[in-house]
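Each chain, letter by letter, is given below.
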Amino acid sequence: GCQGSTGPSSLAPDGKPYALRFPMITVPDMVAAQRRLLDRLGIERLFAVAGGSMGGMQALQWAVETPDRVRHLVFLASTPRSSAQQIAFNETGRQAIYADPHWNKGDYYGGPRPNGGLAVARMVAHITYMSETSLDAKFGRRLQTHAALPYTFDEPEFAVESYLSYQGDKFVQRFDANSYLYITKAIDYFDIGADYGSLEAAAERVAADSLVVSFSSDWLYPANEGQMLARALEGEGRTVEYHHVQAPFGHDSFLVEVDRMTDVVGGYLVREWDAIEGF
């Protein structure tokens, strides 16, 4: 499959996969790697840094850490700091991986992988990306393969069970369990206010104009978290455009509502681009 950047499954200098010897990484580390790439490419300033969810964290990190390089910040369905609930869901997923008999404290390369645990982690996460409304509309209590309830543990009975199982199985084919651990930890660690003393102090560093977008049915990264950032930026005299989008698809709305995002994000970027003179 595709290889991303160096990770726990990459070979260490001793010729064996790093596994849990791989160092912990943070969102600032991710942004530092992106910055090195842009330095190498000779790109000094960015018209916009945009992201949703963990991507929003990275975009905010860019705008706070290197304000002179970012003209616009686009922050979608994200948070300036991970909450206890978000950490709790991520930890539940990690515990599912640890509980898999094949996890072997991360040293499973060359043998059976902890696919069962990783699939459960993905199932839990996937529920948090949706909403009660979208799950009900998509599946309700519809049965999967039978006209009446078979009353069995042998197979998924409800369509929603089958869907989650499919999502879990699909995920393990393209994702390494140890990478899941590291990435969820990086999300949990993110707290831009703590890094700079307060959210206000972080916002004070931002020079970019910002677009902040939240979604009505997103209960993983609820609207008040985006609003918290927008208020902090406005409090420091920054130009902020805030949109609260009515959408039924939960956290996934920022991916699913393509036409709405084209209007909100595309419209914002086009307007800002047209307003530029001599950038």
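Scroll up to find the structure this text is about.
Okay, so let's go over this structure. (Residues numbered from 1 in each chain as written. Predicted model: local features only at pLDDT ≥ 70, side-chain atom pairs only at ≥ 80, totals over all residues. Heavy atoms only, no water.)

Describing the packing of helix H3 (residues 84-99) against helix H7 (residues 177-189)
For the pair H3 and H7, interaxial distance at closest approach is 10 Å and the crossing angle is 160 degrees. Considering their axes alone, H3 and H7 lie roughly antiparallel with respect to each other. Remark: the crossing between H3 and H7 carries left-handed chirality. Counted together, Gln86, Ile87, Asn90, Arg94, Ile97 and Tyr98 of H3 and Ala177, Tyr180, Leu181, Thr184, Lys185, Ile187 and Asp188 of H7 form the full contact between these two elements. When grouped by side-chain class, the residues that make up the contact of H3 with H7 number 7 nonpolar, 3 polar and 3 charged. (Axes fitted to C-alpha atoms, helices over the stretch in contact; angles between N-to-C directions. Helix = DSSP H or I, 4+ residues; strand = E, 2+ residues; numbered from the N terminus. Parallel < 35°, antiparallel > 145°, perpendicular 65-115°, else oblique. Left-handed = near helix turned anticlockwise from the far one by under 90°. Contact = heavy atoms within 4.5 Å. Nonpolar A, V, L, I, M, F, W, Y, C, P; charged D, E, K, R; others polar.)

A closer look at the packing of helix H1 (residues 27-41) against helix H2 (residues 54-65)
The contact between H1 and H2 brings their axes to 9 Å, and the two run at 65 degrees. Between H1 and H2, the angle falls in the class roughly perpendicular. In this structure, H1 crosses over H2, and the sense of that crossing is right-handed. Along its contact with H1, which presents Val27, Pro28, Met30, Val31, Gln34, Arg35 and Leu38, the element H2 presents Met54, Met57, Gln58, Gln61, Trp62 and Glu65. Split by residue class, the contact of H1 with H2 holds 8 nonpolar, 3 polar and 2 charged.

Some thoughts on the pattern of salt bridges
Across all of its chains, the model carries 7 salt bridges by this definition. Taking the shortest distance from any N to any O, the salt bridge between arginine 113 and aspartate 176 comes out at 3.3 Å. With arginine 113 in the loop between H3 and helix H4 (115-129) and aspartate 176 in the loop between helix H6 (159-172) and H7, this residue pair connects regions lying 63 residues apart in the sequence. Members of the salt-bridge network, linked through shared partners, are Glu91, Arg94 and Asp188. (Salt bridge = Lys/Arg side-chain N within 4 Å of Asp/Glu carboxyl O.)

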